[in-house]
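The primary structure of each chain is shown beneath.
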Amino acid sequence: MRELGVGFRYLLKGQRWVARHGKQYGFGLLPGLITLLLYAAALVALAMWGEDAVTWATPFADDWSSPWLGLFRGFLTAVLFALALLLSVVTFTAVTLLVGQPFYENLSEKVDRDVSPDGHAPESGLPLWRELWISARDSLRIVLRAALWGVLLFACGFIPVVGQTAVPVIGFFVTGFFLTEELTAVALQRRSVELRTRLGLLRSRKTLVWGFGTPLAVAFLIPFVAVFLMPGAVAGATLMARELLGEETQEDGAEGDEAVTTPPQPPSGSSSPA
């Protein structure tokens, strides 16, 4: 339970960091706003033409009598929109990070310099196109994993009682895990940490990850909140990435407090929702 609190504190630390660095916060809002507009347009289009798409996909039901035809296609339309909402929540971070790669790389580097005792920020040394390719490739892998979990949880949602109680809670924890992976990837990719290794680090500290990512997953259900929290989420994930790697961190670096060292934690197990 302690690690849940530690993870949540990293989320708050990230928001405090961007609050002290208004210029970085302003730049960090741009990718989220662009992505929000794209997602809003897609969801509006789905709301307008989703029923037509379902009608086109179910010609076998054209001869059904009323009310079964309306109920059947209405149910499928609702399912289609619900899946689109779930996918938008899961993929919003990945798409925003891809759109805003230069912005968030810069923000993450500044966080590293601010809290590092020697003012150093690790750099990948790769050209921008190569970083974008690696980020897109890894994000696609994570989105596919998350989509598989989404389909599984959606199917479990039809189980009486369990589907309406336990499944939504599990869904938030699963989403929180994948959100944290995407966010910490900004800092970990600069350190040349591969996806498989990143997942291993997160699985070894699942409770810490859930404390950071699960509240964020709940907040990200509201698109405008997601936009305004993204810069601080990247900052907090950078701080948490330093702990996962056992790097020395100067708390509240911009205010000149003493440095503290976060020792690496031994893995607590390899099982994970990922």
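Residues numbered from 1 in each chain as written. Predicted model: local features only at pLDDT ≥ 70, side-chain atom pairs only at ≥ 80, totals over all residues. Heavy atoms only, no water.

### Re a nonpolar patch on the surface
Nonpolar side chains collect at one region of the surface, where Val-218, Leu-221, Ile-222, Phe-224 and Phe-228 lie side by side and expose about 500 Å² of accessible area between them. Secondary-structure assignment places Phe-228 in helix α9 (residues 223–244). Classification of Phe-228 by relative accessible area gives partly exposed; the value is 42%. (Patch = residues over 30% accessible without salt bridge, like charges linked within 9 Å, V, L, I, M, F, W, Y side chains within 5 Å. Areas by Shrake-Rupley, 256 points an atom, 1.4 Å probe, with all protein chains shown as cover. Salt bridge = Lys/Arg side-chain N within 4 Å of Asp/Glu carboxyl O. Helix = DSSP H or I, 4+ residues; strand = E, 2+ residues; numbered from the N terminus. Buried < 20%, exposed > 50% of the residue type's maximum accessible area, 1.4 Å probe, protein only.)

### Regarding the packing of helix α2 (residues 22–57) against helix α4 (residues 101–115)
For the pair α2 and α4, interaxial distance at closest approach is 9 Å and the crossing angle is 150 degrees. By the angle class used here, α2 and α4 are roughly antiparallel. In this structure, α2 crosses over α4, and the sense of that crossing is left-handed. Residues Gln-24, Phe-27, Gly-28, Leu-30, Pro-31 and Gly-32 of α2 form the contact with α4, whose participating residues are Phe-103, Tyr-104, Asn-106, Leu-107 and Lys-110. (Axes fitted to C-alpha atoms, helices over the stretch in contact; angles between N-to-C directions. Parallel < 35°, antiparallel > 145°, perpendicular 65-115°, else oblique. Left-handed = near helix turned anticlockwise from the far one by under 90°. Contact = heavy atoms within 4.5 Å.)

### Overview of the environment of Leu-239
Secondary-structure assignment places Leu-239 in helix α9. Separated by 10 residues in the primary sequence, Leu-239 and Thr-249 have C-alpha atoms spaced 8.2 Å apart. Apart from the residues lying within four places of it in its own chain, the contact partners of Leu-239 are Tyr-10, Lys-13, Gly-14, Val-111 and Val-115.

### Some remarks on the packing of aromatic side chains
Aromatic ring pairs are reported here in terms of the distance separating the ring centres and the angle at which the planes meet. Taken as a whole and assessed by the stated rule, the structure comprises five aromatic pairs. Between the aromatic rings of Phe-177 and Phe-178, the centroid separation amounts to 5.7 Å while the plane-to-plane angle is 90 degrees, which identifies the pairing as edge-to-face. In this structure Phe-178 comes out as buried when scored by relative accessible area, which is 4%. Through a chain of ring-to-ring contacts, three or more aromatic side chains come together here, namely Phe-60, Trp-64 and Phe-72. Its guanidinium or amino end placed over the ring of Tyr-10, Lys-13 lies 5.0 Å from that ring's centre, counting from NZ or CZ. (Phe/Tyr/Trp six-rings, centres within 6.5 Å; stacked < 30°, edge-to-face > 60°. Lys NZ or Arg CZ within 6 Å of the ring centre and 35° of its normal.)

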